[in-house]
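For reference, the chains in residue letters:
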Amino acid sequence: MSEHGSNATTANGAHAGETRRDFIHIAAATVAAGGVAAVAWPFIQQLAPAADTRALSSSEVDISKVPEGGEIRVLIGGMPFFIRHRTAAEIASAKAGDTAQLRDPATDASRLRPKKDGTLNPPILITSGTCTHLGCVPVGPSQGTVGEFGGWYCPCHGSHYDTSGRIRKGPAPSNLPIPTYEYVSDTLVKISL
Amino acid sequence: MSGPSTYEPKTGFTKWLDTRLPIVRLAYDSFIDFPTPKNLNYWWTFGGILAVCLVIQIVTGIVLAMHYIASTKDAFASVERIMRDIDYGWLIRNIHATGASMFFLAVYIPMFRGMYYGSYKQPREMLWILGVVIYGLMMATAFMGYVLPWGQMSFHGSAVITNLIGAIPLVGPTIKTYLMGGPAIGDATLNRFFSLHYLLPFVIAGVVILHIWALHVPGNGNPTGVSVKDAKKDTVPFHPYYTVKDGFAIVVFLIVFAAFVFYFPNALGHADNSIEANPLQTPAHIVPEWYLLPFYAILRAITFDIGPIPAKLIGVALMFGSILILFVLPWLDTSKVRSMRYRPFARQMFLGFVIASIGLGFCGANDPDTLIFKFREDKLSLNYTATTGATTSEIFDDFAAAQAKLQSLPPTAGGAIEISKSGFKWLWLSQILSAYYFLYFLVILPVLGVIEKPKPRPASIADSVRKKHGSKAKTAPAGAAAPQAAE
Ligand code: FES
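Residues numbered from 1 in each chain as written. Chains lettered and ligands numbered in written order. Predicted model: local features only at pLDDT ≥ 70, side-chain atom pairs only at ≥ 80, totals over all residues. Heavy atoms only, no water.

Draft legend 1. The arrangement of the sheet that holds strand 5 (residues 391-396) of chain B in detail. Residues and elements named next belong to chain B. As summarised here, the arrangement of the three strands in space is 5-4-6, forming an open sheet in which the pairing is antiparallel. Every other strand in the sheet has two partners, leaving strand 5 and strand 6 (416-420) as the edge strands with one partner each. This sheet shows a mean twist of 30° between the axes of neighbouring strands, independent of strand direction. As paired elements, strand 4 (residues 379-385) and strand 6 share five bridges and run antiparallel to each other. Residue pairing for strand 6: L382 is matched across the bridge by I417. (Pairing = 2+ DSSP bridges. Helix = DSSP H or I, 4+ residues; strand = E, 2+ residues; numbered from the N terminus. Axes fitted to C-alpha atoms, helices over the stretch in contact; angles between N-to-C directions.)

Right, here's the structure in full:
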């Protein structure tokens, strides 16, 4: 506090009381601000996903029930996921896409996860069901529209995804993300958020 | 403007009260004796209309909250129950839903008025800024309210908006999670939106008080933009002159309001919102409510990356920017002349701005890729991969020719015939209009203030009124074009 005046150290000058008062003001305000921040935190953090919400963030899905050429859609924690059983032609066209000009380059193989025995299972493609543009749910084979590249079509602003879930045309910036998932057995996958 | 108070308490009780809580004096000075420029036109009557709107929304909203259930399982059904089973529930909900649209209608008109008559200029910057704050709060309230009925548009519209917030770099995803309270829009989101939707109108009411306070320091602007010089000659008391004028405007407004409530209650809403929300199925066209369409159009106008910045982020930035820019409008407009009546060129530019804003609304309602008009008849195009590996597309007039060519191609070419359209897209219109929107604020207004030569302005409000009514007036001296000094 000595920078406030030379008489601060003696504490008996005419201005001494002011410097001490300044100190008390600043100290009190700091403590009050700390207290406000400490109380504010719980009020902010309560907005975060609650424990039960977080607990529901993974789910096991039986993939043997998905018909060839079709797909099922599951909601995990409110988020949509696509599980698609691709036909041989669809797998071929996804492979062919590996060499095309892609906005978000990725090979079809890199978008699959290995089974327990370490091999890939190309017929089953699992992707997020949220368009990477603004979050609509694209339509697919069960809605009768698959877009120009045979995969999915987002009706909101016209994004076309191919049979590997890669963005090929339209405003979406990136491919349909691949969620974290693993094969629990040959017919059961566990998808987590 | 508010001179010394002229309130005289008459009864014993009001005298007693006046020395303890001078609330009657405050009301008297603010709404009875308040000196108001005598030349205000009907564009100035929206303050009263907006106050009525706010009260209607709060009263109907409180009633609806008594019957509404904020849960993804019950929300839609509880709204249907309000519409079908609760006595007069249909009426109250129709008033509340229509009221939101009416509220925005009544806020857009004085916003444009403020821009035309330069109401935001010194010394009324705070008044304008508080108005923009109210407008922002209204948008937040309306957005959250629209989610509550839990229809398809509620759900997917809010998914789009929360995703926009998620697109903000660094902090976006965190804010988004805190807003939704989970990985997706669900029960947690619905409950907090309900809570905030109930709260915000009262916050609006608080800011309205500040707005009125900020109005009562410099007093009303007026169509000439000339400041009040002589309160006796230039002003009239608010009551009865403007209570009657505002009252008349409110009645006319309520007639329009009632027409919508009773005859076209669904005209301003979207049919998809009568379908319960289904997170797995997105409606074919997601459109926000009409009052947000211009901003939606600006968002979608950006379809190209600029350098390393992705198109999506630019779109989001411009959409928020188009609203935030209103806060600095008082400093962007460099002209000292308030009213555009006396700014011949600015006036044309302003007309362009109004057209651009409304045009953007239409752009927002239409699919960006559909055509406004065609350049030529639709033709056929044959797309295939040529032997060189390049993707080729040929245009044909008739199907037989295209078919013949397709047959002559090797099977590896993967040829396909499509309809080829060529015309002017809604997207292009929204790009042009968005560009004008920003140019108006960032280039036209700052530059015009410097280079434009304004027309002579009347010497005083009293003068302009006298002139209008044909009596002999001392018109402004020829040299009055010099920038008007602020009072
Ligand atoms: S949200 Fe899918 S294209 Fe915009």
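Draft legend 2. Focus on helix 4 (residues 75-84) of chain B. Restricting attention to buried positions, one finds in helix 4 of chain B the residues B:A75, B:F76, B:S78, B:V79 and B:I82. Down the axis of helix 4 of chain B, the buried set is contained in an arc of 165°. They therefore lie on one face. (Buried < 20%, exposed > 50% of the residue type's maximum accessible area, 1.4 Å probe, protein only. Arc of directions from axis to C-beta.)

Draft legend 3. Region of the structure containing the pattern of salt bridges. Counted according to the given criterion, the structure contains 19 salt bridges over all chains. When the shortest N-O distance is used, the salt bridge between A:E90 and A:R84 registers 3.1 Å. Neither residue differs from the other here; A:E90 and A:R84 are each classed as buried. Salt-bridge contacts for B:R343 lead to B:D333; the nearest nitrogen and oxygen are separated by 3.6 Å. Residue B:R343 is found in the loop between helix 14 (329-332) and helix 15 (344-365), and its partner B:D333 is found in the loop between helix 14 and helix 15; the two are separated by 10 residues along the sequence. One network of salt bridges, in which partners are shared, links A:D98, A:D162, A:R166 and A:R168. (Salt bridge = Lys/Arg side-chain N within 4 Å of Asp/Glu carboxyl O.)

Draft legend 4. The arrangement of the domain arrangement of chain B in detail. In terms of domain boundaries, chain B breaks down into domain 1 (1-26), domain 2 (34-223 + 236-262) and domain 3 (379-420). The distance between the C-alpha centroids of domain 1 of chain B and domain 2 of chain B comes to 33 Å. (Domains from an automatic or database assignment.)

Draft legend 5. Up close: the domain arrangement of chain A. As assigned here, chain A comprises domain 1 (5-45) and domain 2 (52-192). Using C-alpha coordinates to define each centre, domain 1 of chain A is positioned 59 Å away from domain 2 of chain A.

Draft legend 6. Spotlight on the confidence of the model for chain B. Residue and element names in this part refer to chain B. For chain B, per-residue confidence averages 90 on the pLDDT scale, and 95% of positions sit at 70 or higher. Contacts for the low-pLDDT stretch residues 473-487, under 50 throughout, to residues beyond four places or in other chains number 27 contacts. Scoring of the predicted complex yields 0.86 for pTM and 0.73 for ipTM. (pLDDT = per-residue confidence, 0-100. Contact = heavy atoms within 4.5 Å.)

Draft legend 7. The arrangement of the nonpolar core in detail. Formed by 116 residues in total, the largest nonpolar core has its most connected members in B:F104, B:M115, B:Y135, B:Y440 and B:F441. No other element matches helix 6 (residues 125-147) of chain B, which puts 15 residues into this core. In contact with B:Y440, not counting residues within four places along its chain, are B:M340, B:M349, B:F350, B:F353, B:L445 and B:P446. One finds A:V74, A:I76, A:V189 and A:I191 within the second-largest nonpolar core, a separate group that totals 14 residues. (Core = buried A, V, L, I, M, F, W, Y, C linked by side-chain atoms within 4.5 Å.)

Draft legend 8. Up close: the side chain of B:T282. Here B:T282 is to be found in the loop between helix 11 (238-263) and helix 12 (293-301). Since its relative accessible area comes to 5%, B:T282 is described here as buried. Beyond its immediate chain neighbours, meaning those up to four positions away, B:T282 contacts A:C136, A:V137, A:C156 and B:H156.

Draft legend 9. Examining the interface of chain B and chain A more closely. With 21 residues of chain B at the interface, the matching set in chain A holds 25 residues. Sorting the residues of chain B by area buried against chain A places B:Y178, B:P183 and B:L280 first, and these three jointly supply 33% of that buried surface. The interface formed by chain B and chain A holds zero salt bridges in total. Viewed at the interface, chain A and chain B are joined by six residue pairs in polar contact (both at pLDDT 80 or more). A per-element tally of the side of chain B that touches chain A places helix 7 (residues 152-166) of chain B first, with four residues. Among the residues making up the side of chain B that touches chain A, the classes are represented as 13 nonpolar, five polar and three charged. (Buried area = accessible area lost by both parts, 1.4 Å probe. Polar contact = N/O pair within 3.5 Å; in protein donor to acceptor, adjacent residues only side chain to side chain. Nonpolar A, V, L, I, M, F, W, Y, C, P; charged D, E, K, R; others polar.)

Draft legend 10. Spatial organisation of the side chain of B:R300. Relative to the helices and strands, B:R300 resides in helix 12. Despite being buried, B:R300 has no salt bridge partner; B:D367 is the closest side chain of opposite charge, sitting 5.6 Å away. Within the local environment of B:R300, its side chain forms a polar contact with the backbone oxygen of B:G364, the two atoms lying 2.9 Å apart. Not counting the four nearest positions on each side in its chain, B:R300 is found in contact with A:H157, B:C363, B:G364, B:N366, B:P368 and B:L427. (Lys, Arg positive; Asp, Glu negative; His and termini not counted.)

Draft legend 11. Here's a closer look at the packing of aromatic side chains. Under the defined criterion, the tally for this structure stands at 33 aromatic pairs over all chains. Geometrically, the ring pair formed by B:F143 and B:F193 is edge-to-face, given 5.6 Å between the ring centres and 65° between the ring planes. Within this pair, whereas B:F143 is found in helix 6, its partner B:F193 is found in helix 9 (residues 187-216), the two being separated by 50 residues in sequence. Across the pair, exposure class does not vary: B:F143 and B:F193 are buried alike. Feature note: the residues B:F112, B:F353, B:Y436, B:Y437, B:F438, B:Y440 and B:F441 constitute an aromatic cluster, connected by ring pairs. Over the face of the ring belonging to A:W152 we find A:R84, whose NZ or CZ atom lies 4.7 Å from the ring centre. Over the ring of B:Y42 we find B:K245; its NZ or CZ atom is 4.6 Å from the centre of that ring. (Phe/Tyr/Trp six-rings, centres within 6.5 Å; stacked < 30°, edge-to-face > 60°. Lys NZ or Arg CZ within 6 Å of the ring centre and 35° of its normal.)

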